[in-house]
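Summary of the model geometry
The lines below spell out each chain.
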Amino acid sequence: MKTLVLASSSPRRQELIQMLGLPFEIVTNDVDETVSNDLSPKQIVEELSLRKAKASITRVTDSQSIVIGSDTIVVYSQEVLGKPKDQEDAFRMLKLIEGKTHQVYTGITCIDVGESRIVTRSRVTDVRMKALSDEQIRAYIATGEPMDKAGAYAVQGIGSTIVESINGDHFNVVGMSLSLLSEMLEELGVKVL
Ligand SMILES: Cc1cn([C@H]2C[C@H](O)[C@@H](COP(=O)(O)OP(=O)(O)OP(=O)(O)O)O2)c(=O)[nH]c1=O
């Protein structure tokens, strides 16, 4: 039986992986998330998910482990939005995406430590935001929710009230598509159902 190791300190990802009902451990990491400017959004999230999984592997002792790394970014009109640096940055991001449709990309890498097999994939989900006044944006920022979220909002929180519609996998927006992860785990011989 393989052990799943989540290479993430994100509470959202921990809650998501818990839903699979399989035993897992958490081994956090601290990777440099700087990437080259010429990478596409898909390449960015795939590269960073790989970096995170590889960084945690060094602290995994059980060779029967599958290490899972993940990365999420928001993209609007070719601008990549990660987590806001401060409240003004959050305001700038929300002002940019209000009333419009943006893309959320999440990359996942699974590394089977014993077999030295690496599987990396990504998904994209379209999210349409409601039109927001500056006052509404400030009130949302005051909740504190945007600060550790890519694109400065959380669709799973009070941020759901400023989202008009989602086209694609909701969990991909929250930080990890369980639909995609289950397919990747099956490729590595782990049955989810
Ligand atoms: C768009 C969106 C993002 N997010 C979160 C998911 C991720 O935690 C975060 C994007 O940052 P990431 O750099 O992908 O992840 P992280 O630093 O939080 O965690 P780790 O690298 O340790 O795995 O934004 C939401 O929770 N809800 C949303 O609606």
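Predicted model, so just to flag it, every value in this text is computed and none were measured. (Residues numbered from 1 in each chain as written. Predicted model: local features only at pLDDT ≥ 70, side-chain atom pairs only at ≥ 80, totals over all residues.)

1. A word on the UniProt feature "active site" (unreviewed entry) in the protein
Per the UniProt record, "active site" (unreviewed entry) is annotated on Asp71. Structurally, Asp71 is set in strand β3 (residues 65–76). (UniProt positions renumbered as here; feature names shortened; annotations may be inferred. Helix = DSSP H or I, 4+ residues; strand = E, 2+ residues; numbered from the N terminus.)

2. Some words on the site of the ligand
The immediate surroundings of the ligand are formed by 23 residues, with Ser8, Ser10, Thr72, Val155 and Gly175 found nearest. Those elements that place two or more of their residues in the shell around the ligand are α1 (11–18), β3 and α5 (170–174). In terms of residues, the shell around the ligand owes the most to one element, β3, which gives 4 residues. Here the shell around the ligand is built from residues that sort into 8 nonpolar, 8 polar and 7 charged. (Near = placed C-beta within 6 Å. Nonpolar A, V, L, I, M, F, W, Y, C, P; charged D, E, K, R; others polar.)

3. Here we look at the packing of helix α3 (residues 87–97) against helix α4 (residues 134–142)
Closest axis-to-axis distance for the α3/α4 pair is 10 Å, and the angle between their directions is 135°. Taken together, α3 and α4 sit at an angle that is classed as oblique. Handedness of the α3/α4 crossing: right-handed. Judged by residue contacts, Gln87, Ala90, Phe91, Leu94 and Lys95 of α3 engage Ile137, Tyr140 and Ile141 from α4. (Axes fitted to C-alpha atoms, helices over the stretch in contact; angles between N-to-C directions. Parallel < 35°, antiparallel > 145°, perpendicular 65-115°, else oblique. Left-handed = near helix turned anticlockwise from the far one by under 90°. Contact = placed C-beta atoms within 7 Å.)

4. Details of α4
By the burial criterion, the buried members of α4 are Ile137, Tyr140 and Ile141. One side of α4 holds all its buried residues, which, seen down the axis, span an arc of 100°. Away from its buried face by more than 90 degrees, α4 exposes Glu135, Ala139 and Ala142. Contacts from the buried residues of α4 go to α3. Two residues or fewer after α4 comes Gly144, characterised by a positive phi angle close to 85°. (Buried ≥ 20, exposed ≤ 12 C-beta atoms within 10 Å, placed from the backbone. Arc of directions from axis to C-beta.)

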